[in-house]
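Reading the structure
Okay, here's what each chain looks like letter by letter:
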Amino acid sequence: MALDQDGATAKAVEASAQKTAEGANTGAAEASPSPLEQELVKREALCEQAERVAGEKDWRHGPADLRRLADEWRSLRRWHDPREDVLWKRFDAAREAFYQARDDARDDARKKKEALAAEAERLAGSTSWKQTAARMREMMDEWKAAGTCGHEADEELWQRFDKARKAFNAAREEDYARLEQARAKAKAAKEQLVEEARKAAVTSPDWKGSEWRAASQRMKDLMARWKEAGVADRADNDRLWEEFTAARQPFFDAQHAHYEALEAAQKKAADAKRALVEEARALAAADDFSREATERAKDLDRRWKQLGFAGRELNDKLWEEFNAAKEGFWDKKRAFGEARHEEWRQRTQDAIDRRQKRISDLQQQADRLQERLNNAYATDHVEEMQDRLEQKLDLIKTIKAEVEDIKSRLD
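Residues numbered from 1 in each chain as written. Predicted model: local features only at pLDDT ≥ 70, side-chain atom pairs only at ≥ 80, totals over all residues. Heavy atoms only, no water.

Applying the stated criterion to the full structure yields one cavity of 30 Å³ or more. Taken together, Asp316, Glu320, Arg388, Gln391 and Lys392 form the lining of the largest cavity. Only α10 (315-337) and α12 (379-410) provide two or more residues apiece to the lining of the largest cavity. For the lining of the largest cavity, the element with the most residues is α12, which contributes three residues. Residues that form the lining of the largest cavity fall into these classes: no nonpolar, one polar and four charged. (1 Å grid on protein atoms, 1.4 Å probe; cavity = no way out; pocket = protein on both sides within 12 Å on 5 of 7 lines; lining within 4 Å. Points joined across faces, edges and corners; volume = space filled by probe spheres on them. Helix = DSSP H or I, 4+ residues; strand = E, 2+ residues; numbered from the N terminus. Nonpolar A, V, L, I, M, F, W, Y, C, P; charged D, E, K, R; others polar.)

Taking 1.5 Å of rise per residue, 52 residues should cover 76 Å, and helix α8 (residues 234-285) covers 73 Å from first to last C-alpha, within 8% of that figure. Helix geometry: α8 is bent most strongly at glutamine 249, by close to 35°, with proline proline 250 lying one to four residues after it. (Expected span 1.5 Å × (residues − 1). Bend = angle between axes of the 7 residues up to and from the residue.)

Moving on, we get to the pattern of salt bridges. Counting across every chain of the model gives 47 salt bridges. Ionic pairing is found between aspartate 81 and arginine 83, a salt bridge with its closest N-O pair at 3.0 Å. Taking relative accessible area as the criterion, aspartate 81 reaches 12% and is therefore assigned buried. With relative accessibility at 8%, the residue arginine 83 sits in the buried group. Residue lysine 166 is joined to aspartate 162 by a salt bridge in which the shortest nitrogen-to-oxygen separation is 3.0 Å. Here lysine 166 pairs with aspartate 162, and both are found in helix α6 (residues 151-200), just four residues apart, close to one helical turn. Judged by relative accessible area, lysine 166 falls into the exposed class, the value being 52%. Where salt bridges share partners, they join Glu327, Asp331, Arg334, Arg354, Arg355 and Glu402 into one cluster. (Salt bridge = Lys/Arg side-chain N within 4 Å of Asp/Glu carboxyl O. Buried < 20%, exposed > 50% of the residue type's maximum accessible area, 1.4 Å probe, protein only.)

The next subject is the confidence of the model for the chain. Confidence in the prediction for the chain averages 84 pLDDT; 90% of positions are at 70 or higher. Of the regions scoring below 50 in pLDDT, residues 1-29 engages in 21 contacts with residues more than four places distant in sequence or in other chains. (pLDDT = per-residue confidence, 0-100. Contact = heavy atoms within 4.5 Å.)

Now for a negative patch on the surface. Taken together, the side chains of Glu313, Glu383, Asp387, Glu390 and Asp394 make up a negatively charged region of the molecular surface. Following the sequence through the fold, glutamate 390 ends up in helix α12. (Patch = residues over 30% accessible without salt bridge, like charges linked within 9 Å, V, L, I, M, F, W, Y side chains within 5 Å. Areas by Shrake-Rupley, 256 points an atom, 1.4 Å probe, with all protein chains shown as cover. Lys, Arg positive; Asp, Glu negative; His and termini not counted. Charge placed at Lys NZ, Arg CZ, Asp CG, Glu CD.)

As a further point, take the nonpolar core. Counting 18 residues, the largest nonpolar core has Leu283, Leu300, Trp304, Phe322 and Phe329 as the members making the most contacts within it. Looking at this core, the elements that each hand over two or more residues are α8, α9 (291-306) and α10. The dominant element in this core, judged by the number of residues it contributes, is α8, at seven residues. Apart from the residues lying within four places of it in its own chain, the contact partners of phenylalanine 329 are Leu283, Ala284, Asp288, Phe289, Ala293, Thr294 and Ala297. (Core = buried A, V, L, I, M, F, W, Y, C linked by side-chain atoms within 4.5 Å.)

This is the structure we're talking about:
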């Protein structure tokens, strides 16, 4: 109906209402409402119900409610009264508002669900399990809150969304299963390593250096295998680490005690050998070649042989010092005992030969050390061998100087 016709109809409804009111003022109110008036009241009530349905926006039950109200409207008699048209427009406007709002809501829901389906599809391949799972739960809540976009669209979008979620969950479960399997394998491997460590920790006080080194290497190998075994469940991993550490500790305690005792014994031997070096030097410097002094010199050798190893750094050095001091005594004693010049020359030559022999021996030792240095790999031994080589070379120079000095006296 056109706008001017709507205005005319509204005026007619207003005039009719005024006429009815005037009739009431003249006493007509005492009569029962006419059938038209009764049905106008009913239509008014249907308009109010339709407007209430439109305002509630119950997309699930609203259409059925509106259809029921429309059926009731059509069941009423048509009087062709202008007021009926006005009420119909009001009723129909309520219906249109409901369906327009529903269409808008469905469009909005469709956009939200399309975005959620697309995001789920993007996240389906994610391996950030914890973060993505939390987002998937949020998206499920957003999906439920998005509302409906129509049965067919809902079903189509749900299939996309659910498929992506299931793909992610399946991949996550598969990865968790692999992780659990790996953790179980790591647990079994570490339990075995604990048992091996308990056996490897057994030591003996009779062990030599090679046996201690072999045992230490076994412990290093066990530690390397522990690191390669992987990670068990946190509780198992922590427990097994404590057991593994406790199983190895007796070995480390015994090793520490062994090397501490060895170090103490070497220090004691070094101190004793230093004392013998000083005795030999004092004896050589005293120019006392009596039988008593000679026995003391011999006794120095016997006492030296009874002393233990003084450590890699000192043992050879102390021996060279001791031997040099001792040789000094015997050289002087031989020189002192030679009555004739020729005998003195011979003894002197003997001293030269002996020193040259020592030089040859030292040179052979130096050559062997040099060869070992050329083929060495362990830097800690290289430094030690280099020191020993330099000591021997220095001693060779010293003895050569002594030889030259003796030769000069022969001339």
